[in-house]
Amino acid sequence: MRIAVSGIGYVGLSMAVLLAQHNEVLAVDIIPQKVDLINKRISPIIDNELEYYLANVKLQLKATLDAVSAYSWAELVIVATPTNYDEDRNYFDTSSVERVVEDVLSVNPNAIIVIKSTVPIGYTDKLQKKFKCNNILFSPEFLREGRALYDNLYPSRIIVGGVMQDCRIKNTAETFVALLQSGAIKKNIDVRYMDSREAEAVKLFSNAYLALRVSFFNELDTYACVQGMDSRSIIEGVGLDTRIGDYYNNPSFGYGGYCLPKDTKQLEANYDGIPQNIISAIVASNDTRKDFIANQIIQKKPRRVGIFRLTMKKGSDNFRESSIQSVMRRIESSGIEVVIYEPAVNNDCFDGVQVIGDLMEFKETCDVILANRYSKGLDDVLGKVYTRDIYFRD
């Protein structure tokens, strides 16, 4: 099948590589550097499996800036453009998705369109009505940053949403599922077909639950910290209950990254007029945790605080919505000097904050060093380090 994938972020690129094993794929983006790297078989994203497959596996994959030609040529178009959360509108910014759909329908109205971008509940239905078409499906992604292709090769499940009473839509959905299955290594993958609103809800509620779990263990850690108790002992004791388990339980400075902050806020907005307490509490809890971490540092009255890495987690190049940035801003607003060590930043300044490129200089000149996730490179200044990473010695 001829497939165009719009948006070369970690979702779009992992989808393009997965499908290019057995199909002709054109990856479409607006950034020339990304397109150039992919055509040279270099991943623009830190992801071990993506890097390996691009360099070593035979793929029918090309990248292009020419969206119109790609959409005209394709039988299937996958939309994986970013949908950032607009705080003013209290809603995802879905303009990039709508623009792609409009462009596809204008040059190739018979193409199958599958939305992989995260959207508000009811959005796919609204698009169908706006453009008077019935060839748009929604299929949520469940990918970890830095393991996106792995999670497509070994998916937890495949979910496709559309009007399944429509025979053409159902056949189209089954065709798309077969494409994903043919590219995956895992066999016997759980598949669910449902209404597009239900599929959109699966995505938002899944991420809200993950955010809830992060928040729960962070609040447990806050309690233990204030009471002078060992967080790890409590967490491991709680996790021995098989109904709870020992995953997603390492305390942090808060949840962040591409998905959890915006998805929980969007789900909260979708509850407009519907009774709820937990979803709003998840959003509020994340701010409370950041306040607590910042106050822990401010109370130490340091002269200079160092921020060790801006990324959300190890093996990531994503700074977006990282919790440590929010903590940094809170500390900075109290009048304490803040500096950053982040090898992924090439400038000597990040968003108005000084970046120190030399790790030794960074460690020597800071009174306190914040590390959302610990690194052995800090072993020699462990007494300066503030982290809630309870598994950093493992």
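Look up a bit, the structure's there.
Quantities reported herein were computed from a predicted structural model and do not represent experimental measurements.

J.: For the packing of aromatic side chains, give the residues involved together with the corresponding values.
T.: The relation between two aromatic rings is expressed through the spacing of the ring centres and the mutual angle of the planes. Under the defined criterion, the tally for this structure stands at eight aromatic pairs. With a centroid separation of 6.1 Å and 85 degrees between ring planes, the pair formed by Y85 and F92 is classed as edge-to-face. Like Y85, the residue F92 is buried in the burial classification. Where F205 meets Y271, the ring centres are 6.2 Å apart and the plane angle is 75 degrees; that geometry is what we call edge-to-face. Here F205, found in helix α9 (residues 196-227), pairs with Y271, found in the loop between α11 (260-270) and α12 (278-298); they are 66 residues apart in sequence, far enough to count as distant. Under the relative-accessibility criterion, Y271 is labelled buried at 18%. In textbook terms, an aromatic cluster arises when at least three aromatic residues are bridged by ring pairs, as seen for F308, Y341 and F362. Sitting over the ring of Y150, R147 keeps its end group 4.3 Å from the ring centre. The ring of Y247 carries the charged tip of R213 above its face, separated from the ring centre by 3.7 Å.

J.: Describe in detail the side chain of S14, supporting the description with residues and values.
T.: The topology assignment puts S14 in helix α1 (residues 10-19). Within the structure, the side chain of S14 is placed 2.9 Å from the backbone oxygen of V11, a separation counted as a polar contact. Residues in contact with S14, not counting those within four places in the same chain, are L50, L143, A148, L149 and N152.

J.: Report on the layout of surface pockets, specifying residues and quantitative values.
T.: Its volume calculated, the second largest pocket comes out at about 890 Å³. Within the residue set of the lining of the second largest pocket, elements represented by two or more residues are α1, α4 (67-73) and α5 (95-107). Looking at the lining of the second largest pocket element by element, the count peaks at four residues for α5.

J.: Before we move on, could you go through unusual backbone geometry and cite the residues and values that matter?
T.: Not every positive phi belongs to a glycine, and R309 is a case in point at roughly 70 degrees. As for its placement among the helices and strands, R309 is situated in the loop between β11 (304-308) and α13 (323-333). Of note in this structure, D351 is not a glycine but carries a positive phi near 50 degrees. With respect to the helices and strands, the residue D351 is situated in the loop between β13 (349-350) and β14 (353-355). With relative accessibility at 56%, the residue D351 sits in the exposed group.

Criteria and cut-off values
Residues numbered from 1 in each chain as written. Predicted model: local features only at pLDDT ≥ 70, side-chain atom pairs only at ≥ 80, totals over all residues. Heavy atoms only, no water. Phe/Tyr/Trp six-rings, centres within 6.5 Å; stacked < 30°, edge-to-face > 60°. Buried < 20%, exposed > 50% of the residue type's maximum accessible area, 1.4 Å probe, protein only. Helix = DSSP H or I, 4+ residues; strand = E, 2+ residues; numbered from the N terminus. Lys NZ or Arg CZ within 6 Å of the ring centre and 35° of its normal. Polar contact = N/O pair within 3.5 Å; in protein donor to acceptor, adjacent residues only side chain to side chain. Contact = heavy atoms within 4.5 Å. 1 Å grid on protein atoms, 1.4 Å probe; cavity = no way out; pocket = protein on both sides within 12 Å on 5 of 7 lines; lining within 4 Å. Points joined across faces, edges and corners; volume = space filled by probe spheres on them.

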